[in-house]
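Results of the structural survey
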Amino acid sequence: MIHLAIITPNALTALGLHALVQQVMPAINIATFASWAEAEQQLTTPVGHLFVDECLMPPPTTSLPTQRTIVLTTQKSTQYAQPTLDVSQPANSIVQDLLQMMRQGHYHPSPTTHHLPSPLTPREREVLQCVVKGMINKEIADELHISLTTVITHRKNITQKLNVKSAAGLTLYAIIHGLADPMTILPR
């Protein structure tokens, strides 16, 4: 199943966005296409999110099974009815914009979100939830009544198990797996 599809004739945009999303959300299946026709030929099952280059907008009359469309732009834009993502900004800004979209109602958790298998132990999930809240190791140790060394060990195990190194990536993992609510992550 494809969770996210990218349609853009720009190979660098496709590769860059694919790599960024894959880095912060390794469990997501991503497909890239150079045109609407190519996407229509290959996509037969519903796609959660469709990222479409602004040069391909408006979309042709299409039968693509998608839930949401996000327009890839090279600047902040309000000319589209769909949400937009400025792909010319730094990677961490793109991640923040994706989180912002989720916070502003572009996120609807699936009823099965909390039942996804997780390689993390219950304690590692607790540590991850603290990381998502922006807590530092000492604060996590105090919150969970464990030693600082234990927190560091849990964080190391979490990053190894998930193969995710950044706090943004861990946050997205937590959101996808129902361990964090995107409404509580970013300030309103």
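Everything numeric here is computed off the predicted structure, so don't read it as measured data.

**Digging into the overall build of the protein chain**
When helices and strands are counted, the protein chain shows 7 helices and 5 strands. Across the protein chain, helices and strands are ordered from the amino to the carboxyl terminus as β-α-β-α-β-β-β-α-α-α-α-α. Counting every position in the protein chain, which comprises 188 residues, the buried fraction comes to 43%. When contacts within the protein chain are restricted to residue pairs at least 6 apart in sequence, those whose partners lie at least 24 apart make up 54%. Approximately 10,200 Å² of the protein chain is accessible, and the part contributed by carbon and sulfur atoms is 55%.

**Notes on the pairing of strand E3 (residues 47-53)**
Counting buried positions over the 7 residues of E3 gives 6, a clear majority of the element. Bridge analysis of strand E1 (residues 4-7) against E3 gives 4 bridges, and the strand direction is parallel. Looking at the pairing, Leu 4 lines up with His 49 of E3.

**Notes on the nonpolar core**
The biggest cluster of nonpolar side chains holds 36 residues, and the ones touching the most others in it are Leu 17, Phe 51, Leu 85, Leu 128 and Ile 140. Mapped by element, the contributors of at least two residues to this core are E1, helix H1 (11-24), strand E4 (66-73), helix H3 (91-106), helix H4 (122-132), helix H5 (137-144), helix H6 (148-162) and helix H7 (167-176). If you look at the next biggest cluster of nonpolar residues, it comprises 15 residues, including Ile 7, Phe 33, Trp 36 and Val 52.

**What to know about the confidence of the model for the protein chain**
Chain-level pLDDT for the protein chain is 80 on average; 81% of the residues reach the 70-or-more range. Looking over the protein chain, one finds the lowest element-wise mean pLDDT in H3, namely 68, and the highest in H5, namely 95. Within the model, pLDDT remains below 50 along residues 106-116, and this stretch shows 18 contacts once partners closer than five positions in the same chain are excluded.

**Remarks on H7**
For H7, a buried count of 7 out of 10 residues is recorded, marking the element as mostly surrounded by other parts of the structure. Within H7 the residues assigned to the buried category are Gly 169, Leu 170, Thr 171, Leu 172, Tyr 173, Ala 174 and Ile 175. Taken from the residues just after H7, Gly 178 is the one with a positive phi, measuring 75°.

**With respect to the packing of H5 against H6**
With their axes 8 Å apart at the nearest point, H5 and H6 run at an angle of 110° to one another. When the axes of H5 and H6 are compared, the pair comes out roughly perpendicular. Contact with H5, carried on its side by Asn 137, Lys 138, Ile 140 and Ala 141, involves Leu 148, Val 151, Ile 152 and Arg 155 of H6 and no other residues of that element. Across the contact of H5 with H6, the residue classes tally to 5 nonpolar, 1 polar and 2 charged.

About the cut-offs
- Residues numbered from 1 in each chain as written.
- Predicted model: local features only at pLDDT ≥ 70, side-chain atom pairs only at ≥ 80, totals over all residues.
- Heavy atoms only, no water.
- Helix = DSSP H or I, 4+ residues; strand = E, 2+ residues; numbered from the N terminus.
- Buried < 20%, exposed > 50% of the residue type's maximum accessible area, 1.4 Å probe, protein only.
- Contact = heavy atoms within 4.5 Å.
- Areas by Shrake-Rupley, 256 points an atom, 1.4 Å probe, with all protein chains shown as cover.
- Pairing = 2+ DSSP bridges.
- Core = buried A, V, L, I, M, F, W, Y, C linked by side-chain atoms within 4.5 Å.
- pLDDT = per-residue confidence, 0-100.
- Axes fitted to C-alpha atoms, helices over the stretch in contact; angles between N-to-C directions.
- Parallel < 35°, antiparallel > 145°, perpendicular 65-115°, else oblique.
- Nonpolar A, V, L, I, M, F, W, Y, C, P; charged D, E, K, R; others polar.

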